[in-house]
Amino acid sequence: TDFDSKKKRKVAEIYQALNSDPIDVAALRRMAISEGGLLTDEIRCKVWPKLLSVNTDDLPPLPAGKELREDNKDYQQVLLDVRRSLRRFPPGMPDDQREGLQEELIDIILHVLKRNPQLHYYQGYHDIVVTFLLVVGDRLATALVEKLSTHHLRDFMDPTMDNTKHILNYLMPIIDQVNPEVHDFMQSAEVGTIFALSWLITWFGHVLSDFRHVVRLYDFFLACHPLMPIYFAAVIVLYREQEVLDCECDMASVHHLLSQIPQDLPYETLISRAGDLFVQFPPSELAREAAQQQAERTAASTFKDFELVSVQQRPDTVLRQRFRERLRGEERLRGEERTKSILTKPRTNRFVKLAVMGLTVALGAAALAVVKSALEWAPKFELQIFP
């Protein structure tokens, strides 16, 4: 069938990118984003490490679990969360096999936390780790999760929720750009964004019951900018526009509706739309609305500072410099806004532009731009910024 031949062709392209010298990471990112993602777990074992710049030839041995557990402040909480994670394992898996994996899950989490004392465990972290464990096995999962935790998930692992809340603050501005009516309805209902918290901090692993959908999203998120999960969250809300607008306009009703995520979402379409939106309304454009002062401290905005810091600059110099740039930028923006207010068009025009792009599912310019931006944002991994 046509589908099978498309799949075969894609597999061949993935292996070609893996076998080229140097490995064609940009092509792998495109494959991870485009329809069907990376297709099989066997391929994911090879490609996920490349997307995270993890060297698989040099994996550290796993420490014995006993010494990890003895004096670890997070052990009890991790144990409770892992015990409750039964439904994250394939139905029908024999109990002893599942229990063995749960032990490995605890060890991976404690290992990463022990090696990175600046990271703080949060409930939901195990939902991300179990996804890696089930796809790539414990040794590789440990290396991938550690890299992910010091980069993409860094903000969720702060001692406070401030940066996580800041990322949630991007949700409404994205919705506003595409569908002001849904945005205004949600504002009137005062629903807030907490309904999307578990989506964001588990990369949807906690809320989607079908494991295939979870790993498909992980392909996408691993290939993209760290804020892509919040764009995906926005796209889910926008997809449910009619249900939202038909709902009672009060906090309890709207929160209840949105926190129950439909399991039959058209994932490929939504992934493609999230990519389109990211290109049209990049985080930098939305940052002002998403509480500017907070933006200084999140991983997404500090990605650009990696290079600066690597030149052995102290972070406070970087921040001072950013602050000066921001002041200059704000003065410039004020000037631009004066001009713009004279030329303003209603913002629904942007929605028309989106429809015209019509890149849904096709791997078009938008996905390529996401790839390019992911490459620009990806930190120079060999620089160890966090000592």
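Here the structure is a predicted model, which is why all the values come from computation and not from measurement. (Residues numbered from 1 in each chain as written. Predicted model: local features only at pLDDT ≥ 70, side-chain atom pairs only at ≥ 80, totals over all residues. Heavy atoms only, no water.)

Counting residues in each nonpolar core, the largest one holds 111 residues, and the members touching the most others are Trp 48, Phe 204, Ile 230 and Phe 232. Viewed by domain, this core spans two of them, domain 1 (2-150) and domain 2 (161-302), each represented by three or more residues. Among residues more than four places away in sequence, those in contact with Phe 204 are Trp 199, Val 214, Leu 217, Phe 221, Pro 229, Phe 232, Ala 233, Ile 236 and Ile 261. (Core = buried A, V, L, I, M, F, W, Y, C linked by side-chain atoms within 4.5 Å. Buried < 20%, exposed > 50% of the residue type's maximum accessible area, 1.4 Å probe, protein only. Domains from an automatic or database assignment. Contact = heavy atoms within 4.5 Å.)

Structurally, Arg 154 can be placed in the loop between helix 8 (138-150) and helix 9 (162-168). Sequence separation between Arg 154 and Gln 118 is 36 residues; the distance between their C-alpha atoms is 9.6 Å. (Helix = DSSP H or I, 4+ residues; strand = E, 2+ residues; numbered from the N terminus.)

Two elements in contact, helix 10 (residues 171-178) and helix 11 (residues 180-189), have axes separated by 6 Å at closest approach and are oriented at 140 degrees. On the basis of their axis angle, the class for helix 10 and helix 11 is oblique. Residue-level contacts link Met 172, Ile 175, Asp 176 and Val 178 of helix 10 to Pro 180, Val 182, His 183, Met 186 and Gln 187 of helix 11. Counted by class, the contact of helix 10 with helix 11 contains 6 nonpolar, 2 polar and 1 charged residues. (Axes fitted to C-alpha atoms, helices over the stretch in contact; angles between N-to-C directions. Parallel < 35°, antiparallel > 145°, perpendicular 65-115°, else oblique. Nonpolar A, V, L, I, M, F, W, Y, C, P; charged D, E, K, R; others polar.)

Before going further, it helps to spend a moment on the confidence of the model for the chain. Averaged over every residue, the pLDDT of the chain is 80; residues scoring 70 or more account for 74%. Of all the helices and strands in the chain, helix 21 (residues 306-310) carries the lowest mean pLDDT, 36, while helix 14 (residues 228-239) carries the highest, 97. Per-residue pLDDT stays below 50 along residues 292-318; that stretch engages in 46 contacts with residues further than four places along the chain or on separate chains. A low-confidence stretch, residues 375-387 stays under pLDDT 50, and its non-local contacts, those more than four residues away or across chains, total 24 contacts. (pLDDT = per-residue confidence, 0-100.)

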